[in-house]
Amino acid sequence: MEKWFNVGKIVNTHGLLGEVRVISSTDFPEKRYKVGNTLYLFRDTEKKPLPLIIRSHRTHKNFNLLTFENYYNVGQVEAFKNGVLKVKEAQLGKLDEGEFYFHEIIGCSVFTDEGMEVGEIVEVLTPGANDVWVIKKAGSKDILIPYIEQIVKEVDISAKKVIITPMEGLLD
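Residues numbered from 1 in each chain as written. Predicted model: local features only at pLDDT ≥ 70, side-chain atom pairs only at ≥ 80, totals over all residues. Heavy atoms only, no water.

(A) Unusual backbone geometry, seen in detail. A positive phi is found at Asn70, a non-glycine position, where the angle reads about 70 degrees. With a phi angle near 70 degrees, Asn82 is a residue other than glycine that sits in the positive phi range. Looking at the secondary structure, you find Asn82 in the loop between helix H2 (74-77) and strand S6 (84-88). The class of Asn82 is exposed, set by a relative accessible area of 54%. (Helix = DSSP H or I, 4+ residues; strand = E, 2+ residues; numbered from the N terminus. Buried < 20%, exposed > 50% of the residue type's maximum accessible area, 1.4 Å probe, protein only.)

So, in structure tokens, the structure goes:
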């Protein structure tokens, strides 16, 4: 069975020339939205996903704006609203050392370098310079850690385990 990974949700159209607004949920937007790439549109009203080839991409405010080959006006893309764009597992590609997909990180257990369990990674935020991992700690508020080498010491995807050296006051 084919595995699919979310890239973003089409929330609206933009202008008259077939552009759509996407709220992105992908780890590598620059790769996913590259001109010529194929994304698959999943809609509640359709049984099969619709393959869409990216014709253009730009960012505007918090949105990614896309156009697709063979869709040149707002009337053609109006029905895409609320659809979810996805890629097949085979489209994920190889990553450089030290890079991870969100789905690989989410669900990992986090431990300090002294063996103390901290919690589980439940979300990855992408605010700017580096990703921030959200750790759910039992009986406490969430902990935010930046993905930087001073803090994240080891990531074992197969064991779903992350070792960190916490900064002063991080786990208080």
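(B) Fine view of the pairing of strand S7 (residues 109-112). The pairing of S7 with strand S8 (residues 117-125) spans three bridges and is classified as antiparallel. Bridging across to S8, Val110 finds its partner in Gly119. Counting the residues between successive antiparallel strands, the hairpin from S7 to S8 contains four residues, one of them, Gly115, with a positive phi of roughly 95 degrees. Pairing of S7 with strand S12 (residues 161-164) involves four bridges; the strand directions are parallel. Bridge assignment links Thr112 to a residue of S12, and that residue is Ile164. (Pairing = 2+ DSSP bridges.)

(C) Inspection of the environment of Met116 at higher detail. With respect to the helices, strands and loops of the structure, Met116 is situated in the loop between S7 and S8. Residues Met116 and Ile164 lie 48 residues apart in sequence; the distance between their C-alpha atoms is 10.0 Å.

(D) Focus on the sheet that holds strand S1 (residues 4-14). One closed barrel accounts for six strands, arranged S1-S2-S5-S4-S3-S6; its pairing is antiparallel. Across the sheet, the axes of successive neighbouring strands diverge by a mean angle of 50 degrees, strand direction being ignored. Direction of pairing for strand S3 (residues 38-42) relative to strand S4 (residues 50-60): antiparallel, over a ladder of four bridges. If you follow Leu39 over to S4, its bridge partner there is Leu52. (Axes fitted to C-alpha atoms, helices over the stretch in contact; angles between N-to-C directions.)

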